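# Descriptive analysis of the structure
In case you want the letters, here they are:
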Amino acid sequence: MKLKLTLRRPAGPVDLTVTADGTATVSDVARMLVVADPQGSSTEANGTMTLAVSDPFVGSSSLRTLSAGASFAEAGVLSGATVQVVDDSGSFAGSGEGRGTAVATLRVLSGPDAGREFALPMGATSIGRDRGADVRLSDPMVSKIHARVNVGESIEIIDLNSANGVVVGGGEVSRATVSSSDVIVLGDSSVCVVRTQQPPRDATAPQLDHVRSPRVVPAYAGEEFLAPTPPKLPQRQRFPFVALAAPLIMGAVLWAVTQELLGVIMMAMTPVLLVGAYVDQSVTSRRELKAQRKVFDEGMLRTQERLEQARDEERRVRLAELPTTGELQDDARRLGPLLWTERTESPRFLTINVGRGRARARNRVVLPQAQETVPECWEQLLGLQQEFATIDQVPLAADLVVAGSVGFAGADGVARDVARAAVFQLAARHSPAEVAIAAIVSPSSAPDWDWLKWLPHTSSSHSPLAGSHVASVRGEASALLSRIEGLIDSRVDGATARRGPLDSDKQHERPEPIVPAVVVVIENGAPADRARLTRIVERGPDAGVHVIWCAPASSSCRRHVAVSSLWTAPRHPVSSDRCGSVRGPRRWSSSTSTGPQRTSSRASSLPSSISAFPKPTTPTFPDRCRIRRSRAWRFSTRLIRWSNGGGRTARSRRETGARR
């Protein structure tokens, strides 16, 4: 059994890895910690010692003292806990005195006690305002003994005839089985119960009970929208000069031969009929063109409405495909359905959400084959196609399976924060059985990456790398590099294939990922040979080894994310056909521009969200007519160039209908 713990001692806390067999007791581990401590300890090694544990899910203020003779494997100590060697005096601290090992945590989400956490042992735990309640809340709307929580193979909440009842899932219940994702309402407070480990009687080693939830994301492959048929060009009719001249000549000849005036008059009337037919055809042609333009304009408006609805649906699906860092952080704390949900068959396996911006839309506008129309209508069709060729406010994805490696370029601190958020996304969405994480960082930034050692991805038994996965000094970095190079050599036979640059104009075929995959974080100031690092970038993707490189400027990665240190986003949204190509209102030196990094208000230094620009405010309208009018006006100003009387008639009709 191997655990990662923090030892609290007079010389200062130290992080260490404890390896113990199944027969070791708590006293054995405590004595070994005292003997092996090079800084010494205030507790003498000749007495009976035990451990005071602060569970990682409860906080340092809640301590529990373990029984010295208990089995260390069944003591309920989890990786990430803080331990302290104390004398075995039989005294216990914390709210769970004498009630056994904590196997679950009750978190208060809202109410007067919001933010507090209570350790729950096996068995029954009462909740209420009374001093005798095991979990005491200060909410005046909570009864003295409001409810009871039974923790066993499952977790149950039972109403004890409280005044305001127990609400789960929006409905009042008298008894219900709950999970970590269920919110329980007690009076004016809402709580949740998260299991932190299996019951001790069934556990052979400390573990966190989490079953990966099958996550169903609505698929949206995109649609093809046929553009409305534009009006055809009217056939140009020539003025009938020859047909007019022929009757006049015949009338002159007839007068010369017959000297009859009636025949001459009849021949003279023939050109008038021809001119009338010509004028009638011209007027009819203009009317038909006007009618076709009216139908075309209405078709354009209806097509735009359909495209806007489809774009909203596409945006909703794409936002659900790649959650933000803040959403993943909140979900990981609750062991929610997003934790480790990506599997190897998922198209988003090893895909990073680097921010929000404008990307190529999945919907496509299909134009008519022939261009037999007036230039204004064809320009409107091209404008419609260009308007909906991209979609804004969607996640910009960096696929490590396709790109092989990703580089974050920018100011040292800001680029590192975004890279840390990317690594956290991979750790939160992928199981340590399928993704291992390693890091070679500079000594100056090692404290910023210190949290990596607590991840199961850096010490999993499924990891293909042995030994330490995080290095910040030259000797450790060289040894870790050697293990990574050995892994690549064992997985790749011969030379690797050249991948070439990424082309945004074509859809790259996604190769089958190699698992367990290894994600290596490399900083520009890492104490390692630059040539060896570059070879890992070039050869690693074919062996399932992917690099996230953090540097002030571009590195040797195939895809880059340029991070701006500005806290104000550009006035116009960033336009991106892919993660590696960006167009903005001015010349950018970056490939993808992400905006300000907002650090979470919780005790984590990970950025809670990454956004290319602030969310736009959505205008509100009093009624449906105003909405339809606004869409029509916005469409006409962008795409339709009204001409002659047809456009004005269509516009005035819409405005009249809107006023009605």
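Since the model is a prediction, treat every value here as computed from it, not as a measurement. (Residues numbered from 1 in each chain as written. Predicted model: local features only at pLDDT ≥ 70, side-chain atom pairs only at ≥ 80, totals over all residues. Heavy atoms only, no water.)

## Observations concerning the overall build of the chain
Here is the rule: Secondary structure is summarised from DSSP: a helix means a run of H or I of at least four residues, a strand means a run of E of at least two, and numbering begins at the N terminus for each. For every residue, the accessible area (1.4 Å probe, protein chains only) is compared with the maximum for its type, and the residue is labelled buried under 20%, exposed over 50%, or partly exposed between those bounds. Whether two residues touch is decided by their heavy atoms; if any such pair falls within 4.5 Å, the residues are in contact. The Shrake-Rupley method, run with a 1.4 Å probe sphere, supplies the accessible areas, and residue values consider only the shown protein chains as cover.
When helices and strands are counted, the chain shows eleven helices and 30 strands. Scored against the burial criterion, the 660 residues of the chain give a buried share of 46%. Put simply, 69% of the contacts in the chain that link residues at least 6 apart link residues at least 24 apart. Within the structure as shown, the chain displays about 33,200 Å² of accessible surface, and the carbon and sulfur contribution to it stands at 52%.

## Section: the pairing of strand S14 (residues 175–178)
Operational definition: Strand pairing follows a simple DSSP-based rule, namely that at least 2 bridges must link the two strands.
Alternating positions in S14 separate cleanly, Ala176 and Val178 being buried on one face and Arg175 and Thr177 remaining unburied on the opposite face. Direction of pairing for strand S11 (residues 155–159) relative to S14: antiparallel, over a ladder of four bridges. Each residue of the ladder has a partner; that of Ile157, found in S14, is Ala176.

## Details of the sheet that holds strand S6 (residues 102–110)
Note the threshold: For helices, the fitted axis covers only the stretch in contact; all axes are lines through C-alpha atoms, and the angles between them, taken along N-to-C directions, range from 0 to 180 degrees.
If you trace the six strands from one edge of the open sheet to the other, you get S7-S6-S16-S15-S12-S13, paired in antiparallel fashion. The open sheet terminates on both sides in strands that have one partner only, identified here as strand S7 (117–121) and strand S13 (171–173). Neighbouring strand axes in the sheet, compared pairwise and without regard to direction, differ in orientation by 35 degrees on average. Both strand S12 (residues 166–168) and strand S15 (residues 184–186) contribute to a ladder of three bridges, which runs antiparallel. What sits directly across from Val166, in S15, is Leu186.

## Some points on the pattern of salt bridges
Pairs can form between side chains of opposite charge whenever their charged atoms are close. Put simply, the test is: Just to be clear on terms, a salt bridge is a Lys or Arg side-chain nitrogen sitting within 4 Å of an Asp or Glu carboxyl oxygen.
Inspection of every chain in the model, using the stated rule, returns 21 salt bridges. Across the salt bridge formed by Arg315 and Asp392, the nearest N and O atoms sit 2.8 Å from each other. Here Arg315 is found in helix H3 (residues 261–321), whereas its partner Asp392 is found in strand S20 (residues 390–399), with 77 residues between them in sequence. Residue Asp450 pairs with Lys453 through a salt bridge whose shortest N-O separation is 3.0 Å. Residue Lys453 is classed as partly exposed on the basis of its relative accessible area, which comes to 27%. One salt-bridge network, held together by shared partners, links Asp312, Arg315, Arg358 and Asp392.

## A few points about the side chain of Asp399
The condition is simple: Each polar contact in these results corresponds to two N or O atoms within 3.5 Å; when the atoms are within protein, one needs to be able to donate a hydrogen and the other to accept it, and residues that are neighboring in sequence are counted only if both atoms are side-chain atoms.
Counting through the fold element by element, Asp399 comes out in strand S20. At a separation of 2.8 Å, a polar atom in the side chain of Asp399 contacts the side chain of Arg510.

## What about helix H1 (residues 26–36)?
Spelled out, the test is: Directions from the helix axis toward the C-beta atoms define the arc.
Among all positions in H1, only Val26, Ser27, Val29, Ala30, Leu33 and Val34 are buried. Down the axis, H1 shows its buried residues gathered within 165 degrees of arc, on one side only. Turned more than 90 degrees from where H1 packs its buried face, Met32, Val35 and Ala36 sit exposed. Packing partners of the buried residues in H1 comprise strand S1 (2–7), strand S2 (14–19), strand S3 (49–54) and strand S5 (82–87).

## Notes on the packing of helix H2 (residues 241–258) against H3
Filter applied, for reference: Here the angle decides the label: under 35 degrees means roughly parallel, over 145 means roughly antiparallel, 65 to 115 means roughly perpendicular, and every other value means oblique. Under this grouping Gly is polar, as are all residues other than the nonpolar Ala, Val, Leu, Ile, Met, Phe, Trp, Tyr, Cys and Pro and the charged Asp, Glu, Lys and Arg.
The contact between H2 and H3 brings their axes to 8 Å, and the two run at 175 degrees. Overall, the two elements H2 and H3 adopt an arrangement that is roughly antiparallel. In contact with Ala243, Leu244, Pro247, Leu248, Met250, Gly251, Leu254 and Trp255 of H2, H3 contributes Leu261, Gly263, Val264, Met267, Thr270, Pro271, Leu274 and Val275. Residue composition of the contact of H2 with H3, by class: 13 nonpolar, three polar and no charged.

## Overview of the pairing of S7
The buried count for S7 comes to four of five residues, which makes it a mostly enclosed element. Turn length for the S6-S7 hairpin, with the two strands adjacent in sequence and antiparallel, is six residues, and the turn residue Gly111 shows positive phi of about 115 degrees.

## A look at the sheet that holds S2
One open sheet holds the five strands; their spatial order is S2-S1-S5-S3-S4, and the pairing between them is mixed. Here the strands that pair on one side only, and so sit at the sheet edges, are S2 and strand S4 (64–65). By the bridge criterion, six bridges tie S3 to S5 in an arrangement that is antiparallel. Bridging across to S5, Val53 finds its partner in Val83. Seen against the sheet, H1 touches S1, S2, S3 and S5 and runs at an angle of roughly 90 degrees to S3.

## Side note on the nonpolar core
Rules: Side-chain atoms within 4.5 Å link the members of a nonpolar core, which is a set of buried Ala, Val, Leu, Ile, Met, Phe, Trp, Tyr and Cys residues.
Judged by nonpolar contacts, the single largest core of 40 residues is most densely connected at Leu350, Ile352, Phe408, Val423, Trp449, Leu452 and Ile548. Once residues lying within four places of it in the same chain are set aside, the contact partners of Leu350 are Ala398, Asp399, Leu400, Val401, Leu426, His430, Val435, Ala517, Val519 and His546. Among the nonpolar cores identified, the runner-up in size contains 26 residues, and Ala438, Ile484, Val520 and Ala526 belong to it.

## Overview of H2
Where we set the bar: Take the number of residues in a helix, subtract one, and multiply by 1.5 Å to get its expected span.
Over its 18 residues, H2 runs 26 Å from end to end, which matches the ideal 26 Å to within 8%, given 1.5 Å per residue. Leu244, Pro247 and Gly251 are the residues of H2 that are buried. The buried residues of H2 occupy an angular sector of 70 degrees when the element is viewed end-on, so they sit on one face. Facing away from the buried surface of H2 by more than 90 degrees, the exposed residues are Phe241, Val242, Ile249, Met250, Ala256 and Val257. Where H2 is buried, its residues meet H3. With its phi angle positive at about 55 degrees, Gln259 sits one or two positions after the end of H2.

## Here's the deal with the packing of helix H4 (residues 325–333) against helix H7 (residues 412–429)
How we decide: Take the far helix as your reference; a near helix turned counterclockwise from it by less than a right angle gives a left-handed crossing, and one turned clockwise gives a right-handed crossing.
Between H4 and H7, whose axes approach to 10 Å, the crossing angle comes to 45 degrees. Judged on the interaxial angle alone, H7 and H4 are oblique. Seen along the crossing, H4 lies across H7 with a hand that is left-handed. On H7, the residues that touch Thr325, Leu328 and Gln329 of H4 are Ala421, Phe424, Gln425, Ala428 and Arg429. For the contact of H4 with H7, the per-class residue count stands at four nonpolar, three polar and one charged.

## Here we look at the packing of aromatic side chains
For clarity, the threshold we go by: What counts as a ring pair is set by centres within 6.5 Å for rings of Phe, Tyr and Trp (its six-membered ring), and what kind of pair is set by the plane angle: stacked under 30 degrees, edge-to-face over 60, tilted for all other angles.
In this structure the tally under the stated criterion is one aromatic pair. Their ring planes at 20 degrees and their centres at 6.4 Å tell us that Trp449 and Trp451 sit as a pair that is stacked. On the basis of relative accessible area, Trp449 is assigned to the buried category, the value being 1%. Look at Trp451 and you get buried, because its relative accessible area is 18%.

## What to know about the environment of Pro347
Tracing the backbone through its elements, the reader meets Pro347 in the loop between H4 and strand S18 (351–360). When the C-alpha positions of Pro347 and Asp399 are compared, they lie 9.4 Å apart, and in sequence the two are 52 residues distant. In this structure, Pro347 is in contact with Asp399 and Arg510, ignoring residues within four places of it in sequence.

## Re unusual backbone geometry
Cis geometry is found at the peptide bond from Val515 to Pro516, where omega equals -5 degrees. With respect to the helices, strands and loops of the structure, Pro516 is situated in the loop between helix H8 (474–491) and strand S24 (517–523). Phi at Asn161 takes a positive value of approximately 55 degrees, unusual for a residue other than glycine. As for its position among the elements, Asn161 is in the loop between S11 and S12. Under the relative-accessibility criterion, Asn161 is labelled exposed at 77%. Notably, Leu350 is not glycine yet its phi reads approximately 60 degrees, a positive angle. Locating Leu350 in the fold gives a position in the loop between H4 and S18.

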